[in-house]
Amino acid sequence: MKLSTSERAVSLPLVLALTSISFFMVSLDALVVVTALPAIHRSVGGSIATLEWAVNAYALTFAAGIIPCAALGDRLGRRRVYVAGLSLFTVASALCAVAPNSGLLIAFRAAQGLGAAAVTPLALTIIAATFPPERRGTIVGIFGGIAGLAVAGGPLVGGVVVQGLDWHWIFWINVPIGVVAVAGSALFLPAGRGPATRLDLPAVPLVAGGTALIAWALVRVGDSGWGDVRGIAALIAGVALLAGFVLRERTTAEPMLPLRLFRVRAFSAANLAAFCMSGAIFSAAFLTAQYFQLGLGYSPLATGLRLLPWTATPMVVAPLAGALADRMGTRPLLVTGLLLQAGGLAWVASMAAAGSSGYGRFVAPLIIAGVGVSMAIPTAPTAVLSAVGPADVGRASGVSNTMQRFGAAFGIALVTAVFAANGHLGSVASFTAGYRPAMFVSAGISLLGAAAAIAIGRRAAAVATSHPQGLEDVRATETQHVAAS
């Protein structure tokens, strides 16, 4: 892409610093809240479903907004939409901090997710358009490291803030950083545009509303049973909205999720594997951060530290797995990784018992689960992007990122429903009674992902052989996608 005079004049280190800070902040918020959930519960009340929506409201709007926000950036100006999203995220963070009840907290978390949906893809697009091609891989690799740091640091930062200050500060801390980032971005980021594409805005409420209703219905029937009329009605309405979404995507000229790509077996299988990978890790983190506090009695900070054998592993193993994928192919690493994660999570579930104490028995299974997901994180997007031709790499990346976000929301909703059917927050024994079967479900989600990954086949080799230049596009977009994930 040829840069304008104004774009050549920008400070490249400043552009990298501004986008990196914002990207880290929105990535951190996906998991920073998990160690604060017991404190939030004590403050605003509610059930396990309330805690679930404090996480899922963010995940759902994030997922539904990624592709539309990227398209809006191309049409209206990337800096303009990026700054608007960052401003929304900052304001919503302040509103989360002062939310007087769970309902408003959930609403403001949804607004945060929508802001994050603008920041994430556009930060990477701005970087890719600003830096010369020979430096782009290195710079986007930095974003991958930032994403890994956010995953590892989310529960730990949440624990430090909650224990040292108060749960409100996990949101307040975003405000001064966001204000500085908004002002700096408005002044110093380049104002680029992309090809004006048609916006499929009617598809957004269909997919977001359908997914949200199904997630709510799962929790409702898990708590009240399948005889609950409101739960069944919500489930039917959610399925109807998703059916409407599929119908629209089949008929519209420029769909949000191109359904033709799903006719490729490897693409569908890789996306299902990535969906399950995200669902397993987010649902397990949601449950385990609470179990360590409510079941084992650890403080928020101690909980964050004790999750590091699991959450910090991708920072070490993921780069090695990415290099191995080039030699071995994606299927062996993805299948093995998801199987290891399933085994580790099932082991954690089997070790949980009411009234038991001691953290040592969890270290080995957490490391196994961490190594497993570390193998899957870089290879899942590689498998998705390698399943399509070079002309569809950009669309495939957006689809995969969206599917992973929806996978996180679905996983949390499903395990919450299982937890509500078997336990509650009232005591250690009742929490453990719900935690064990719910964690086995998290392991089962990962196992399903491994089964899906078997169907990927050897499409990557075919694409690499027949499209050598396309392979370079795949690798560049793959690196961006791993960073965004």
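Residues numbered from 1 in each chain as written. Predicted model: local features only at pLDDT ≥ 70, side-chain atom pairs only at ≥ 80, totals over all residues. Heavy atoms only, no water.

## A closer look at the overall build of the protein
1) Next: A count of helical and extended segments in the protein gives 21 helices and 0 strands.
2) Next: Per-residue burial over the protein gives 56% buried out of 485 residues.
3) Next: Pairs at least 24 residues apart make up 85% of the contacts formed inside the protein by residues separated by at least 6 positions.
4) Next: Total accessible area on the protein is roughly 18,200 Å²; 68% of this is exposed by carbon and sulfur atoms. (Helix = DSSP H or I, 4+ residues; strand = E, 2+ residues; numbered from the N terminus. Buried < 20%, exposed > 50% of the residue type's maximum accessible area, 1.4 Å probe, protein only. Contact = heavy atoms within 4.5 Å. Areas by Shrake-Rupley, 256 points an atom, 1.4 Å probe, with all protein chains shown as cover.)

## Regarding the nonpolar core
1) Next: Judged by nonpolar contacts, the single largest core of 130 residues is most densely connected at Tyr-82, Trp-167, Phe-292 and Trp-310.
2) Next: Looking at which element gives the most residues to this core, the answer is helix H12 (residues 265-295), with 19 residues. (Core = buried A, V, L, I, M, F, W, Y, C linked by side-chain atoms within 4.5 Å.)

## Here's the deal with the side chain of Ser-446
1) Next: Mapped onto the secondary structure, Ser-446 falls in helix H19 (residues 428-454).
2) Next: A polar contact of 2.8 Å, which involves the side chain of Ser-446, links it to the backbone oxygen of Leu-338. (Polar contact = N/O pair within 3.5 Å; in protein donor to acceptor, adjacent residues only side chain to side chain.)

## Regarding the packing of H12 against helix H16 (residues 330-351)
Helix-helix packing is characterised by the crossing angle of the two axes and by the distance between the axes.
1) Next: Remark: H12 packs on H16, axes separated minimally by 11 Å, with the N-to-C direction vectors making an angle of 25°. In terms of their interaxial angle, H12 and H16 are classed as roughly parallel. As for how H12 packs across H16, the hand of that crossing is left-handed. Along the contact surface, H12 presents Ala-273, Met-277, Ala-280, Ile-281 and Ala-284, while H16 presents Leu-334, Leu-338, Gln-341 and Leu-345.
2) Next: Split by residue class, the contact of H12 with H16 holds 8 nonpolar, 1 polar and no charged. (Axes fitted to C-alpha atoms, helices over the stretch in contact; angles between N-to-C directions. Parallel < 35°, antiparallel > 145°, perpendicular 65-115°, else oblique. Left-handed = near helix turned anticlockwise from the far one by under 90°. Nonpolar A, V, L, I, M, F, W, Y, C, P; charged D, E, K, R; others polar.)

## Concerning the environment of Arg-79
1) Next: Relative to the elements of secondary structure, Arg-79 occurs in helix H5 (residues 78-98).
2) Next: By relative accessible area, Arg-79 is classed as partly exposed at 26%.
3) Next: Distance in space between the C-alpha atoms of Arg-79 and Gly-192 is 6.9 Å, their sequence separation being 113 residues.
4) Next: Those residues in contact with Arg-79, other than ones at most four positions away along the chain, are Ser-185, Ala-186, Leu-189, Pro-190 and Ala-191.

## Some thoughts on the confidence of the model for the protein
1) Next: Looking at the protein, pLDDT values average 77 and 82% of them are 70 or higher.
2) Next: Put simply, helix H20 (residues 459-466) is where the protein has its lowest mean pLDDT, 41, and H5 is where it has its highest, 90.
3) Next: Scored below 50 in pLDDT, residues 1-8 makes 9 contacts in the model with residues more than four places away or belonging to other chains.
4) Next: The low-confidence segment residues 459-485, where pLDDT is below 50, has 48 contacts with residues more than four positions distant or belonging to other chains. (pLDDT = per-residue confidence, 0-100.)

## Thoughts on a nonpolar patch on the surface
1) Next: On the surface, Leu-14, Leu-187 and Phe-188 cluster together into a nonpolar patch covering about 290 Å² of accessible area.
2) Next: Mapped onto the elements of the fold, Leu-14 is located in helix H2 (residues 12-28).
3) Next: On the basis of relative accessibility, which here comes to 31%, the residue Leu-14 falls in the partly exposed class. (Patch = residues over 30% accessible without salt bridge, like charges linked within 9 Å, V, L, I, M, F, W, Y side chains within 5 Å. Salt bridge = Lys/Arg side-chain N within 4 Å of Asp/Glu carboxyl O.)

## Overview of the packing of aromatic side chains
1) Next: For the structure on display, the rule yields 11 aromatic pairs.
2) Next: Look at Tyr-291 and Tyr-435: their rings are 4.3 Å apart centre to centre, the planes differ by 5°, and that puts the pair in the stacked class. Highlighted residues: Tyr-291 in helix H12 and Tyr-435 in helix H19, separated in sequence by 144 residues. Exposure class is identical for Tyr-291 and Tyr-435. Each is buried.
3) Next: The interplanar angle of 20° and the centroid separation of 6.5 Å between the aromatic rings of Phe-431 and Tyr-435 together place this pair among those described as stacked. Taken together, the positions of Phe-431 and Tyr-435, both in helix H19 and 4 residues apart, correspond to about one turn of that helix. Each member of the pair, Phe-431 as well as Tyr-435, carries the same accessibility label: buried.
4) Next: A cation over an aromatic ring shows up here: Arg-306 above the ring of Tyr-298, its NZ or CZ 4.2 Å from the ring centre.
5) Next: The side chain of Arg-405 reaches across the aromatic face of Phe-62, ending 4.1 Å from its centre. (Phe/Tyr/Trp six-rings, centres within 6.5 Å; stacked < 30°, edge-to-face > 60°. Lys NZ or Arg CZ within 6 Å of the ring centre and 35° of its normal.)

## Things to note about the side chain of Ser-442
1) Next: Within the secondary structure layout, Ser-442 lies in helix H19.
2) Next: A polar contact of 2.7 Å, which involves the side chain of Ser-442, links it to the side chain of Ser-283.

## A look at the environment of Met-439
1) Next: Summarising the element assignment, Met-439 is placed in helix H19.
2) Next: Considering only alpha carbons, one finds Met-439 and Thr-416, 23 residues apart in sequence, at a separation of 10.0 Å.

## Some points on helix H17 (residues 360-386)
1) Next: When the terminal C-alpha atoms of H17 are compared, their 41 Å separation across 27 residues agrees well with the 39 Å that a helix rising 1.5 Å per residue should span.
2) Next: Of all the bends found along H17, the most pronounced is centred on Thr-379 and spans about 30°, while Pro-381, a proline, follows it within four residues.
3) Next: Burial analysis of H17 places 19 of its 27 residues in the buried class, the great majority of the element. (Expected span 1.5 Å × (residues − 1). Bend = angle between axes of the 7 residues up to and from the residue.)

## Observations concerning the environment of Ile-232
1) Next: Following the sequence through the fold, Ile-232 ends up in helix H11 (residues 229-251).
2) Next: Classification of Ile-232 as partly exposed rests on a relative accessible area of 27%.
3) Next: The spatial distance from the C-alpha of Ile-232 to the C-alpha of Val-221 is 7.5 Å, given a sequence separation of 11 residues.

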